[in-house]
Amino acid sequence: MVMEMLMRVGIVSIYYNAFNYGAQLQARALVQVVKEYGYECEQICYDATDEKYPFEKSIKEKIKEQGLIYLMVSKFRYVVHGINVKQNNKKISNKISARKNKFHKYENKTAHSQRIYNKETISDCNDLYDVFITGSDQVFNPYYYNNAFLLGFVTGKTKLSYAASIGLSYLSQNEKELLQTSLRTFDGIAVREDSGQTILKEILPQKEIKTTIDPTLLIDSTYWINEAHKTRELEEPYIFCYFLGKEKKLRKFAEIVSKQLNLRILTIKDALGNYQSADEYHATELEDDGPDGFNSAIANACFVLTDSFHGTAFSIIHEKRFLSFRRNFHEENSGDSRIIDLLKNLGIEDRWVQNIEQSSTDLLINEIDYCDVKRRLEYLRMDSNGYLSKKLMDNK
C-alpha cells in the first residue's frame, strides 16, 4: 500500500526573532489552522535583520519637503532621544533580556523550519514546500518590504497571501508599483483590512482581492481560552493597558479610568523592547510578559485599554469591555485602519476613541453586545476558512 504524502505548506511572516506579541500569536494561529485542514505546515524561519526600506528619501528630498530648519531640529531631537533611550535601556536590560527568553521559548513551540534563511539562501527552500503563504501581519507594509515576504524567491509553486496587512491608509507611487509587480504572480491574494483591499484593487484590477480575518480570530476562540492561565498577579481585579505608542495622554486617561472604576492598572512597559518615558505612570508591571502571558493578562482583565491591533483582537476573543485608541495622535498614516476596519466589521466601532478629550465616560459603563459580535465573527470566520481551505484544496 502506497502512503499518500501530505501537502507541505510553508508560511513566511514576521515570525523569526520577532519581539512582538501579535507577530508570534498570529504565526502560531495560522500554522494551527492549516494543520487542522490536514496538511503539514510550518513557519519558515527568515532572518530579515539586514533588510532596509527600499525607498528611503535623500537628504535633498527631505529638505525640499520639510525645510532645512525643521529637518535639523527634528534630527537633533532624534539624536538626543536616542541617547536618552540608550542610557535608560541599560536600566531595563535585564528585564528585556528575560522577556526575550520567554519570546524565544514561545517561538520555538510553533512548528518551524530547522534552517534559518536569509535573502541569499531563501530560494533554497523552494523545493521543500508545495504551497507558500505570506502573512498574516504587516508583510505588505512598505517598511517591511523584502523579497521573502513578497514570495519573490518562489518558482513553479503556488503563492498565496493570507490576511496580509499593508498597515497604512495610503502608499506612494513607488510603493504601489513594487507591490503591483510582486503580486501579479500570486495565485490568491487575501488581505486583512478593507483599506488594503481598496489599494490593491486599484493597482491590480484584474486580480480578485479578498479580505480575511487575522489568524488569531480565524482559529476557534476556545483555543486561546484554554491557553490562558491565572497566576497570582492576575487574581486581584485590574485594568490591562497595552500601549505601543508614546502618547502620555493615554497613560493619563488610564489613570482617570482606574479611579473611576476603582481598579488597579496592570501593564507591559517598554513593550517594544526600548525604554519609553511615557510608561512612567502609576501602573503595576506584568511579570509573566511572554506571548502566553499577554493572552492570559487580557483573559483575566476587567477592562482593557490599548492602541494595538492584537490588543483589540484579544479583547474581542475574550469578550472584554475595552477601548482602542490612536497610537500616534499627530500622524495621519499611522496604521489606525487596521483597528477601525476590525471594529466596523464587528459592529462595535463605538469602541474606537479618536479624541480622548471628547470621549464619553459612558463607554466605561456600556456593555458590549457580544452575542451580536460572535454572530458577525462566526460569519467572517466561516468566510475566511472557506477561502483559505479552497485555495489549498485547489493545489492538491
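Here the structure is a predicted model, which is why all the values come from computation and not from measurement.

Peer 1: Any details on the overall build of the protein chain? Residues and values, ideally.
Peer 2: If you tally the helices and strands in the protein chain, you get 13 helices and 12 strands. Burial statistics for the protein chain: of 396 residues in total, 53% are counted as buried. A separation threshold of at least 6 residues defines the contact pool for the protein chain, and within that pool the share at least 24 residues apart is 76%. Counting only carbon and sulfur atoms, one obtains 50% of the accessible surface of the protein chain, whose full area is about 19400 Å².

Peer 1: Now, about the side chain of glutamine 138: what can you tell me, with residues and values included?
Peer 2: Here glutamine 138 shows up in the loop between β3 (131–134) and β4 (158–164). Side chain to side chain, glutamine 138 and asparagine 141 meet in a polar contact 2.7 Å long.

Peer 1: Give me the packing of helix α10 (residues 309–317) against helix α11 (residues 337–345): which residues, what numbers.
Peer 2: Their axes nearest at 9 Å, the elements α10 and α11 cross at an angle of 20°. The orientation of α10 relative to α11 falls into the category roughly parallel. Like other packed secondary-structure pairs, α10 and α11 cross with a definite hand, here right-handed. On α11, the residues that touch Phe309, Thr312, Ala313 and Ile316 of α10 are Arg338, Ile339, Leu342 and Leu343.

Peer 1: Break down the sheet that holds strand β2 (residues 40–43) for me, citing the residues and quoting the values.
Peer 2: Pairing within the open sheet is parallel, and its 6 strands lie in the order β2-β1-β3-β4-β5-β6. Edge positions in the sheet fall to β2 and β6 (209–211), since each of these pairs with one other strand and no more. Ignoring strand direction, the axes of neighbouring strands in this sheet form an average angle of 25°. Across 4 bridges, the pairing between strand β1 (residues 8–12) and β3 is parallel. When the sheet's bridge partners are listed, isoleucine 11 is paired in β3 with isoleucine 133. Strands β5 (188–191) and β6 of the sheet are contacted by helix α5 (residues 194–203), whose axis makes an angle of about 180° with β6.

Peer 1: Help me get a handle on the sheet that holds strand β11 (residues 322–325), residues and values and all.
Peer 2: The strand order across the open sheet formed by 6 strands is β9-β8-β7-β10-β11-β12, and the pairing between neighbours is parallel. The open sheet terminates on both sides in strands that have one partner only, identified here as β9 (284–285) and β12 (352–353). Sheet topology places strand β7 (residues 238–242) next to strand β8 (residues 264–267); 4 bridges connect them, and they run parallel. In the strand pairing of β8, isoleucine 239 is matched with isoleucine 265.

Peer 1: Before we move on, could you go through the side chain of threonine 267 and cite the residues and values that matter?
Peer 2: Mapped onto the elements of the fold, threonine 267 is located in strand β8. Sequence-distant contacts of threonine 267, defined by excluding residues within four places in its chain, comprise Phe240, Cys241, Tyr281, Ala283, Thr284, Glu285 and Leu286.

Definitions and limits used
Residues numbered from 1 in each chain as written. Predicted model: local features only at pLDDT ≥ 70, side-chain atom pairs only at ≥ 80, totals over all residues. Heavy atoms only, no water. Helix = DSSP H or I, 4+ residues; strand = E, 2+ residues; numbered from the N terminus. Buried < 20%, exposed > 50% of the residue type's maximum accessible area, 1.4 Å probe, protein only. Contact = heavy atoms within 4.5 Å. Areas by Shrake-Rupley, 256 points an atom, 1.4 Å probe, with all protein chains shown as cover. Polar contact = N/O pair within 3.5 Å; in protein donor to acceptor, adjacent residues only side chain to side chain. Axes fitted to C-alpha atoms, helices over the stretch in contact; angles between N-to-C directions. Parallel < 35°, antiparallel > 145°, perpendicular 65-115°, else oblique. Left-handed = near helix turned anticlockwise from the far one by under 90°. Pairing = 2+ DSSP bridges.

Fair warning: the whole summary comes from geometry, so function is off the table for now.
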